[in-house]
Amino acid sequence: YDFNIKGELRHLDTNELFVFNYYNVHEYNHKRYQALGHFINQYVYELLERVCMLQKVYIPSDATEDEPRSFFFMSKNALTSSSRLTVLLQDRGVFCAGQWGQRIIVSEGLECGTQIPFIKKALQSHGGVIVLNPNDNFIDLKTEKERLSFSTKEESLTSMQSIPKRYSSSPEEHTMYVWDHFISKSKAKNVAFIAHGYGGLVFVDLLVQRKREVMNKVYCVAFIDSMHNIEHQTGSDPQTQEWIQKYCCEWVSNTKPLDKAVHSLMKINCPTLSAGTKNYGLAPSCCLRSIFKYLKSTLE
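This structure is a prediction, so every number in the text was calculated from the model and none was measured.

Before going further, it helps to spend a moment on the overall build of the chain. A count of helical and extended segments in the chain gives 13 helices and 12 strands. Its C-alpha atoms give the chain a radius of gyration of 20 Å, within 12% of the compact-globule value 19 Å for 300 residues. About 15,500 Å² of surface is accessible on the chain, with carbon and sulfur atoms providing 51% of the total. Here the chain contributes 34 positively and 32 negatively charged side chains, and the mean placements of these two sets differ by 8 Å.

What follows is the structure, encoded as structure tokens:
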């Protein structure tokens, strides 16, 4: 399989879509899809550097040579530009930085499933971009190459399948570290977050933990099908709840046309609009233009 000129994944000989049920055994199909996912991760990383011209930044900054590290991506001017900075925060899952969803990449292509159109749009507005990597939390000890680099610690790790990466053992911890050491220190006076699914919950966690800093630096947040819960996460803090209602907007998977108001009786929330699709995975690509229109109008 390879991506064609349109960014669609096709079989090189038959030009057909990826076949999930290739074998009669579920375990084999699962391993085959895992292998494909690994190659997609590496390919998207390559595109972020080669096409979007982003830099890969390893964390934690004080990691030793043999320590497992995570990383994220940012544009060259992300920390030095005094204009705007856009931070992309994805949903949770097996997919890594630069992706909204792996299954959408497989079925619909790179344009719908990756964050690349968002990155290009943000860079066109002469601002900086940071692409977080919140799902890169552990190192798998089953991989022989990685085992070798931990040979001195082999005995103490034999009972463990994987070990957490320092300051990135969870999406919340990863985001907090990048905020503390990079985003908060950037010269950008106007920071915007675009958060999908669990990424929305992670942003609200950051807001609660770094309330004053976030409120001073972030001018707006675009949620997409966010899993956050204002009442549960903010407790009885009316200031935080008011800030979310004033500076955030959410797009949700819905049958209504794009940008039509969607009312929820279930929870206190910011203004909520339809993403113009019922498909959760397609929601980010469907509301891209609306989100950037919102970011621009809020800044103005």
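This part takes up a nonpolar patch on the surface. On the surface, a nonpolar cluster with roughly 570 Å² of combined accessible area is contributed by Tyr1, Val19, Tyr22, Tyr23, Val25 and Tyr28. Looking at the secondary structure, you find Val19 in the loop between strand S2 (9-10) and helix H1 (26-50). Residue classification places Val19 among the partly exposed positions, given a relative accessible area of 33%.

A complete count under the given rule lists 21 aromatic pairs for this structure. A ring pair is formed by Phe118 and Phe292, whose centres lie 5.9 Å apart and whose planes are at 50 degrees; its orientation type is tilted. Of this pair, Phe118 sits in helix H4 (residues 116-124) while Phe292 is found in helix H13 (residues 288-299), placing the two residues 174 residues apart along the sequence. Aromatic rings pair up to connect Trp179, Phe193, Phe203, Phe223, Trp243 and Tyr247 into one cluster. Lying across the ring of Tyr33, Arg103 places its NZ or CZ 5.2 Å from the centre.

The next point concerns the side chain of Arg10. By the secondary structure assignment, Arg10 is in strand S2. Residues in contact with Arg10, not counting those within four places in the same chain, are Tyr1, Asp2, Asn4, Asn15, Glu16 and Leu17.

With that out of the way, let us pick up helix H11 (residues 238-247). Considered for burial, the residues of H11 that qualify are Thr240, Gln241, Trp243 and Ile244. The arc that holds every buried residue of H11, seen down its axis, measures 160 degrees, which confines them to one face. The exposed set on the far side of H11, more than 90 degrees from its buried face, consists of Glu242 and Lys246. Residue Asp237 occupies the N-cap position of H11, its side-chain oxygen lying 3.1 Å from the main-chain nitrogen of Gln239.

In this structure the tally under the stated criterion is 8 salt bridges. The salt bridge involving Arg10 is made with Glu8; its shortest N-O contact spans 3.8 Å. Looking at Arg10, the relative accessible area reads 18%, which means it is buried. Measuring nitrogen to oxygen at the nearest pair gives 2.9 Å for the salt bridge that ties Lys165 to Asp136.

With 44 residues, the main nonpolar core has Ile194, Trp251, Ile291 and Leu295 as its most contacted residues. Considering each element in turn, this core owes the most residues, 7 residues, to H1. One finds Ala78, Leu85, Val204 and Ile244 within the second-largest nonpolar core, a separate group that totals 36 residues.

With that settled, consider the environment of Pro68. With respect to the element layout, Pro68 can be found in the loop between strand S3 (55-59) and strand S4 (70-74). Judged by relative accessible area, Pro68 falls into the buried class, the value being 11%. With 98 residues separating them in the primary sequence, Pro68 and Arg166 have C-alpha atoms 7.8 Å apart.

This brings us to the environment of Arg212. As for its placement among the helices and strands, Arg212 is situated in helix H9 (residues 211-217). Of the residues examined, Arg212 reaches a relative accessible area of 68% and is grouped as exposed. In the structure, Arg212 is positioned 28 residues away from Thr240 in sequence and 9.8 Å away in space, judged by C-alpha atoms.

The end-to-end C-alpha separation of helix H8 (residues 198-209) is 17 Å, in line with the 16 Å expected for 12 residues at 1.5 Å each. Three or more residues of H8 are buried, namely Tyr198, Gly199, Gly200, Val202, Phe203, Val204, Leu206 and Leu207.

Cut-off values and rules
Residues numbered from 1 in each chain as written. Predicted model: local features only at pLDDT ≥ 70, side-chain atom pairs only at ≥ 80, totals over all residues. Heavy atoms only, no water. Helix = DSSP H or I, 4+ residues; strand = E, 2+ residues; numbered from the N terminus. Rg over C-alpha atoms; globule rule 2.2 N^0.38 Å. Areas by Shrake-Rupley, 256 points an atom, 1.4 Å probe, with all protein chains shown as cover. Lys, Arg positive; Asp, Glu negative; His and termini not counted. Charge placed at Lys NZ, Arg CZ, Asp CG, Glu CD. Patch = residues over 30% accessible without salt bridge, like charges linked within 9 Å, V, L, I, M, F, W, Y side chains within 5 Å. Salt bridge = Lys/Arg side-chain N within 4 Å of Asp/Glu carboxyl O. Buried < 20%, exposed > 50% of the residue type's maximum accessible area, 1.4 Å probe, protein only. Phe/Tyr/Trp six-rings, centres within 6.5 Å; stacked < 30°, edge-to-face > 60°. Lys NZ or Arg CZ within 6 Å of the ring centre and 35° of its normal. Contact = heavy atoms within 4.5 Å. Arc of directions from axis to C-beta. Polar contact = N/O pair within 3.5 Å; in protein donor to acceptor, adjacent residues only side chain to side chain. Core = buried A, V, L, I, M, F, W, Y, C linked by side-chain atoms within 4.5 Å. Expected span 1.5 Å × (residues − 1).

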